[in-house]
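# Structural features, examined
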Amino acid sequence: PLEDVPERLMIITSAGTFEMELMLQNAPVACRSFWHLAESGYYDGTFFHRVIPGFVAQGGCPDGNGMGGPGYLLPAEHNTLPFVRGTVGMADSGPGTAGSQFFIMLDSQRRLDCRYTAFGRILDTDSLEQIEIGTEILEIVSSNS
């Protein structure tokens with residue numbers, strides 16, 4: 001249930017820790033899935049496999065190549081959250097094809113608005129540039145406790 005999903009998470013990486021706020025009301029399915037995968041350790045030891053400076057840092061692929069996923073697909077939850085620096089969205093190859101891969105906006109790209117599921121935001125974006133290809137996700141944990 002959605003009430004079991006924390007509002008804030010810590011994404012602990014080899015490049016630092018990033019606090020993330022989940023937008024539970026805007027994308028409940030994506031938030032629930034992301035937390036389920038995080039809580040189960042799915043992301044532990046995965047890497048950011050795609051980083052485009054001034055655009056996005058993408059991770060969450062179990063295969064490390066942008067092709068893998070959790071074995072299920074998520075529906076698109078397009079909403080009005082803007083894709084600005086720090087927004088976290090679900091990566092997909094078309095509506096209804098998202099799974100475990102997510103991206104963090106490194107700059108504002110409003111052309112992505114309503115195209116991808118925005119489901120969270122990084123609260124302090126000052127050190128996002130520390131993320132590079134190969135940055136390891138050590139774990140993702142609740143910061144509510």
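Refer to the structure printed above.
Residues numbered from 1 in each chain as written. Predicted model: local features only at pLDDT ≥ 70, side-chain atom pairs only at ≥ 80, totals over all residues. Heavy atoms only, no water.

## Structural notes on the layout of surface pockets
- Reported here for the largest pocket is a volume of approximately 360 Å³.
- In terms of lining residues, the largest pocket is bounded by 22 residues, among which Gln58, Ala91, Asp92, Ser93 and Gln101 are the most central.
- Within the lining of the largest pocket, the residues separate by chemical class into 11 nonpolar, nine polar and two charged. (1 Å grid on protein atoms, 1.4 Å probe; cavity = no way out; pocket = protein on both sides within 12 Å on 5 of 7 lines; lining within 4 Å. Points joined across faces, edges and corners; volume = space filled by probe spheres on them. Nonpolar A, V, L, I, M, F, W, Y, C, P; charged D, E, K, R; others polar.)

## Describing the pairing of strand 8 (residues 118-122)
- Most of strand 8 is tucked away, with four of its five residues classed as buried.
- Both strand 2 (residues 16-22) and strand 8 contribute to a ladder of three bridges, which runs antiparallel. Across the sheet, the residue bridging to Leu22 is Gly120, located in strand 8.
- Here three bridges tie strand 6 (residues 87-90) to strand 8, and the two strands are oriented antiparallel to one another. Paired with Thr87 across the two strands is Arg121, which belongs to strand 8. (Buried < 20%, exposed > 50% of the residue type's maximum accessible area, 1.4 Å probe, protein only. Helix = DSSP H or I, 4+ residues; strand = E, 2+ residues; numbered from the N terminus. Pairing = 2+ DSSP bridges.)

## What to know about the side chain of Glu21
- Along the chain, Glu21 turns up in strand 2.
- A residue is classified by how much of its surface remains accessible, and Glu21, at 19% relative accessible area, is buried.
- At a separation of 2.8 Å, a polar atom in the side chain of Glu21 contacts the side chain of Arg121. (Polar contact = N/O pair within 3.5 Å; in protein donor to acceptor, adjacent residues only side chain to side chain.)

## Structural notes on the sheet that holds strand 8
- Strands sit in the order 3-9-1-2-8-6-7-5-4 across an open sheet of nine strands; the sheet is antiparallel. Looking at strand neighbours, the two that pair on one side only are strand 3 (46-47) and strand 4 (50-52), the edges of this open sheet.
- Bridge analysis of strand 1 (residues 8-13) against strand 9 (residues 136-142) gives five bridges, and the strand direction is antiparallel. Among the inter-strand pairings, Leu9 is bridged to a residue of strand 9, identified as Ser142.
- Along the sheet, helix 1 (residues 28-39) makes contact with strand 1, strand 2, strand 6, strand 7 (102-105), strand 8 and strand 9, crossing strand 9 at roughly 110 degrees. (Contact = heavy atoms within 4.5 Å. Axes fitted to C-alpha atoms, helices over the stretch in contact; angles between N-to-C directions.)

## Overview of the packing of aromatic side chains
- The full count for this structure, using the stated rule, is eight aromatic pairs.
- Pairing Phe34 with Phe102 gives two aromatic rings, centres 5.3 Å apart and planes at 85 degrees, and the pair type is edge-to-face. Of this pair, Phe34 sits in helix 1 while Phe102 is found in strand 7, placing the two residues 68 residues apart along the sequence. The pair formed by Phe34 and Phe102 is uniform in burial state, with each residue classed as buried.
- Ring centres of Tyr42 and Tyr43 lie 5.4 Å apart, and the angle between their planes is 90 degrees; on these two criteria the pair is classed as edge-to-face.
- With relative accessibility at 21%, the residue Tyr42 sits in the partly exposed group.
- A relative accessible area of 1% means that Tyr43 is categorised as buried.
- Among the aromatic residues, those joined into a ring-pair cluster are Phe34, Tyr42, Tyr43, Phe48, Phe102 and Phe119.
- The positively charged end of Arg115 is found above the aromatic ring belonging to Tyr116, 4.0 Å away from the centroid. (Phe/Tyr/Trp six-rings, centres within 6.5 Å; stacked < 30°, edge-to-face > 60°. Lys NZ or Arg CZ within 6 Å of the ring centre and 35° of its normal.)

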